[in-house]
Amino acid sequence: MKARSAGQSLLEAIVASGIIVTAVGAALTLVQSSINAAKESDNRLIASNLAREGVEVVRAMRDSNWLAGNDWDQGLEGAGFDYSGVVIFDAATKSWSMDFGAGSLDDVETAVYRQVVTGGPEQPGMFLQGIPQPAGTDTTLFRRITHTRALCSVVAGSTSNFINYELKADGESCATEKIGIDVRSYVRWTSAGGDEREIHVVERMFNWR
């Protein structure tokens, strides 16, 4: 009888241990899943803000051109009607510019960095782009490119004076008046699971005050 009781107790202990291990494993999986979800939520928020920032930088540059009496699109297209680049912040002068060396998110120039070293005008934790990589920064998992494609006026119909517009690609210029730009800011990052994610913001801006 004692031998049978001891055997039953051992079996019960093994079963109980298995249940505990299963429960703990499920709990750990749930915790890890929650952590990954939280990280992905944070990354999506950062990516959304970076994409929106790209658009707002272009708007600020257009408005600054107006105030300075410059051509409204000065600095918003590269040589040879290049409309694809990265927005760069100069912390020393507190000014923005665009570098048109990148053509797609696959280019290394589109990397986004994060300031980690203090002591200068840059603030720790600041996300920024630069060519080459700014001093005191670490490479993040984000990439960003901003497109500023030309919008050209088009007269709709032979008897109408209604003004429409057409969108130009890189390398194409306006045969008529350039009345605006199609701004598209794309951000790409790699999720915790290794998948690529992408988000973008689109806005059309015109030479209208």
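Each remark here, short or long, concerns the structure printed above.
Summarised in this report is the structure supplied together with it.

To continue, consider unusual backbone geometry. For the bond from Ile131 to Pro132, the omega torsion is 0°, close enough to zero to count as cis. Structurally, Pro132 is set in the loop between β4 (127-128) and β5 (137-155). Backbone geometry places Phe81, a non-glycine residue, at a positive phi of 60°. Secondary-structure assignment places Phe81 in the loop between α1 (2-68) and β1 (84-90). Overall, Phe81 belongs to the partly exposed group, its relative accessible area being 35%. Positive phi values are uncommon outside glycine, yet Lys94 reaches one of about 55°. One can find Lys94 in the loop between β1 and β2 (95-99). Taking relative accessible area as the criterion, Lys94 reaches 65% and is therefore assigned exposed.

Here the focus is the packing of aromatic side chains. According to the stated counting rule, one finds 5 aromatic pairs in the structure shown. On the basis of an interplanar angle of 45° and a centroid distance of 5.0 Å, the ring pair of Phe89 and Trp96 is categorised as tilted. Ring centres of Phe142 and Trp189 lie 6.3 Å apart, and the angle between their planes is 45°; on these two criteria the pair is classed as tilted. Separated by 47 residues along the polypeptide, Phe142 in strand β5 and Trp189 in strand β7 (residues 178-190) bring together distant segments of the chain. Considered together, Phe142 and Trp189 belong to a single accessibility category, that of buried residues. Among the aromatic residues, those joined into a cluster by ring pairs are Phe127, Phe142 and Trp189.

Disulfides are covalent bonds that link the sulfur atoms of two cysteine residues. A full pass over the atoms with the stated rule returns 1 disulfide. The disulfide partner of Cys152 is Cys174, and the S-S distance across this bridge is 1.9 Å. Of note, the bridge from Cys152 to Cys174 carries an S-S torsion of about -75° and is left-handed in sense. Taken together, the residues Cys152 in strand β5 and Cys174 in the loop between β6 (163-167) and β7 connect sequence positions 22 residues apart.

On to the nonpolar core. Formed by 22 residues in total, the largest nonpolar core has its most connected members in Val58, Met98, Phe142, Ile181 and Val187. Those elements giving two or more residues to this core turn out to be α1, β7 and β8 (196-206). Here this core gets 8 residues from one element, more than from any other, and that element is α1. Ranked by size, the runner-up nonpolar core spans 6 residues in total, among them Val86, Ile88, Ala102 and Tyr186.

Before going further, it helps to examine the pattern of salt bridges. All chains considered together, the criterion is met by 14 salt bridges. As a salt-bridge pair, Arg59 and Glu203 come within 2.5 Å of each other at their nearest N and O atoms. With Arg59 in helix α1 and Glu203 in strand β8, this residue pair connects regions lying 144 residues apart in the sequence. Residue classification places Arg59 among the partly exposed residues on the basis of a relative accessible area of 22%. The partly exposed category is assigned to Glu203, whose relative accessible area is 22%. In this structure, Glu77 engages Lys178 in a salt bridge whose closest nitrogen and oxygen atoms are separated by 2.7 Å. Of this pair, Glu77 sits in the loop between α1 and β1 while Lys178 sits in strand β7, placing them 101 residues apart in sequence. Relative accessible area serves as the criterion here: at 14%, Lys178 is assigned to the buried category.

About the thresholds
- Residues numbered from 1 in each chain as written.
- Predicted model: local features only at pLDDT ≥ 70, side-chain atom pairs only at ≥ 80, totals over all residues.
- Heavy atoms only, no water.
- Helix = DSSP H or I, 4+ residues; strand = E, 2+ residues; numbered from the N terminus.
- Buried < 20%, exposed > 50% of the residue type's maximum accessible area, 1.4 Å probe, protein only.
- Phe/Tyr/Trp six-rings, centres within 6.5 Å; stacked < 30°, edge-to-face > 60°.
- Disulfide = S-S within 2.5 Å.
- Core = buried A, V, L, I, M, F, W, Y, C linked by side-chain atoms within 4.5 Å.
- Salt bridge = Lys/Arg side-chain N within 4 Å of Asp/Glu carboxyl O.

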